[in-house]
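Summary of structural features
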Amino acid sequence: MHQQVYHSSEIQAWEGRWFAQQNSAYGLMQQVAWATTEHMLPRLKQQQVKSIAVCCGQGNNAGDGYLIASYLAAQGYDVEIYAAALGESVSLQQAHAAAVKQGIMIHTGFAFQRPYDAYIDALFGIGLNRELSSDWQAVIQQINRQTGLKIAVDIPSGLQADTGQALPCAAVADYTFTALGLKAGLFTGQGKAYAGVVELISVLPVDSALKPLASLAPQHMQLVPRQAFGHKGSYGHVLVIGGHAQMGGAVMLAAEAAFHAGAGKVTVVCDAKHHTAILSRAPNIMLRDINQMSLQEREALVAHVDAVSFGMGLGRDAWAQQQFEAWFPLIQTSALQVVLDADALWFLSSKPVKLGKQVYATPHPGEAATLLGISTSVVEFDRIAAIYALQEKYAGQWVLKGSGSLILDTQLWICTAGNPGMGTGGMGDVLAGMIASLKAQLKDDIALHQIVTLHAQAGDLLAQQGERGLQAQQMSQAIYTVVNREHTV
């Protein structure tokens, strides 16, 4: 079973149904706080933590904080609480009373009296949907400035639970212990930068009314093994189309990625001025001059391949438009596995059409904004809404690249692999080549979210030597490694 991710409103409704069955709100708070404490204890021991500051706001998240402080104090930790004025919730007041009974020092406000080994953030929960006031921003920035282990209760304060956007700042945690169900904002957008290691505190039975928003893409997969009598024709022929006279690198990256992901044959159609450079890097790549191909030659080539990766380095001038109009109707009406990336998406935005289910579009946020006719900041503010809007407008299957890449086929997936070092030119071209390659080989035996995860895992393998300066042309060997791991897909 894949790990499910939920919208905050689903979590809140789930709690409401639990309370409607006459279950105690304070009892649930105690369960969550104790389970969270149990998850914390090994980390505190590992980090040799002795003193802890617990920062409590005014809602139920603060109640969790008061109880966690009580449980930690009972375990012998030196705990102090820094808190806002107490809210009116009965459960919150009961939790506050438990901390008082434990004899914990409770400071009003957030002026830390001394340094602590660890700081627990229990300021705001998943209900936060407004920009924080300047006073609360200052509190969060004060916490972030402290050295020591940082732990968030449920969600880092200031992070929007569904979009992963900071409002406009958020607590930066080493660990986030999130209650009841996983929230999308912990895994996509800016969320990965704030949440640290996420662990689920599961204390309620799942009921039939609870509907997931997405699934986390699995990290472990098993690729279909190759048959002993296979040959190059058995493993797919990938066609890579692009390569404007001024932009030859993108098709090279896509083609090399296609080969290293296991394609039996790869043909690149691009401006002939790039042919020598391509052959010098990969003499197994077949080449055609994009400027010398007639309609009949294009049709014949498309009839003999299994997948197409279209748009890398195509350009956006009159020549590029001519090539888009020559190739796109041909591949769009075919039964091929088709990847649309880069400049092909730019031309698609000017003349939107419905894509087939075997078409995979892979925009970054800027390209998604162009396709939707909105700003990049709007896309990034709610990436989930954006990818649904893309599929609604264009059909097909989609990857919205970025931190916590989103994949939408028949459902929504979130890729949790990958790293900031992959934010460099050419990584999208590599992904486009991998998708075409693995779909050419395996078709329905591999899903789009699995290929995106393999690409991210290859990037993580490279990043073991350091994220800064990681280059797309280094990905080939890493791709070869991850597609051959026995435990991989």
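Just so you know, the residues in each chain are numbered from 1, in the order the chain's sequence is written. Local features are withheld for residues below a pLDDT of 70 in this predicted model, meaning they are given only at 70 or higher, and side-chain atom pairs are given and counted only at 80 or more; totals for whole chains, interfaces and linings count all residues. Neither water nor hydrogens contribute to the side-chain values; these are computed over all heavy atoms in the structure.

Let me state the cut-off plainly: UniProt positions are given in the numbering used here, feature names are shortened, and annotations may be inferred rather than shown by experiment.
Identification of the protein chain as ADP-dependent (S)-NAD(P)H-hydrate dehydratase from Acinetobacter johnsonii is taken from an unreviewed UniProt entry. Quoted straight from UniProt, the Subunit (unreviewed entry) entry for the protein chain says "Homotetramer."

1. Remarks on the sheet that holds strand β5 (residues 118-122)
The criterion, for reference: Any two strands with at least two DSSP-identified bridges between them are counted as paired. Think of it this way: any DSSP run of H or I at least four residues long counts as a helix, any run of E at least two long counts as a strand, and we number them from the N terminus. For every element, the axis is a line fit to its C-alpha atoms; helices are fit only across the contacting stretch, and the angle between N-to-C directions ranges from 0 to 180 degrees.
Ordered by their spatial adjacency, seven strands build an open sheet running β4-β3-β2-β5-β6-β7-β9, and the pairing between neighbours is parallel. For this open sheet the edge positions go to β4 (105-108) and β9 (197-201), each flanked by a neighbour on one side alone. Within the sheet, the average angular offset between the axes of one strand and its neighbour, ignoring direction, is 20°. Alignment of strand β2 (residues 51-56) against strand β3 (residues 78-83), held across six bridges, turns out to be parallel. Residue Ala-53 lies in a different strand from β3, and its bridge partner there is Glu-80.

2. So, the packing of helix α11 (residues 343-350) against helix α12 (residues 365-372)
Going by this rule: Orientation categories follow fixed angle ranges, with anything under 35 degrees roughly parallel, anything over 145 roughly antiparallel, 65 to 115 roughly perpendicular, and all other angles oblique. Two helices cross in a left-handed way if the nearer one is turned anticlockwise from the farther one by less than a right angle. They cross in a right-handed way if the turn is clockwise. Here, two residues are considered to be in contact whenever any of their heavy atoms come within 4.5 Å of each other.
Across the interface, α11 lies against α12 with an axial gap of 8 Å and an inter-helix angle of 15°. Relative to α12, α11 is oriented roughly parallel. Considering the relative orientation of α11 and α12, their crossing is left-handed. Of α12, the residues touching α11 (which contributes Leu-345, Trp-346, Leu-348 and Ser-349) are Glu-367, Thr-370 and Leu-371.

3. Some words on the UniProt feature "binding site: AMP" (unreviewed entry) in the protein chain
Short version of the rule: Only protein chains enter the accessibility calculation, which uses a 1.4 Å probe; a residue is then buried when its area is under 20% of its type maximum, exposed when over 50%, and partly exposed in between.
Here the UniProt-annotated "binding site: AMP" (unreviewed entry) positions come out as Lys-401, Gly-402, Ser-403, Gly-404, Ser-405 and Gly-428. A stretch of 28 residues holds the annotated residues, and the largest C-alpha distance among them is 14.5 Å, short enough that they meet in one place. Considering the arrangement of structural elements, one finds Lys-401 in the loop between β17 (395-400) and β18 (406-408). Judged by relative accessible area, Lys-401 falls into the buried class, the value being 14%. Filtering out sequence-adjacent residues up to four positions away, Lys-401 remains in contact with Asp-341, Thr-362, Pro-363, His-364, Pro-365, Arg-383, Gly-428 and Leu-431.

4. Side note on unusual backbone geometry
Omega for the bond connecting Leu-167 with Pro-168 falls within 30 degrees of zero, at -10°, which places this linkage in the cis form. With respect to the element layout, Pro-168 can be found in the loop between β6 (149-153) and β7 (175-179). Phi at Gln-48 takes a positive value of approximately 55°, unusual for a residue other than glycine. Summarising the element assignment, Gln-48 is placed in the loop between α2 (25-46) and β2. Under the relative-accessibility criterion, Gln-48 is labelled exposed at 63%. Despite not being glycine, Ala-342 shows a phi value in the positive range, around 55°. Take Ala-342: it is sitting in the loop between β15 (337-340) and α11.

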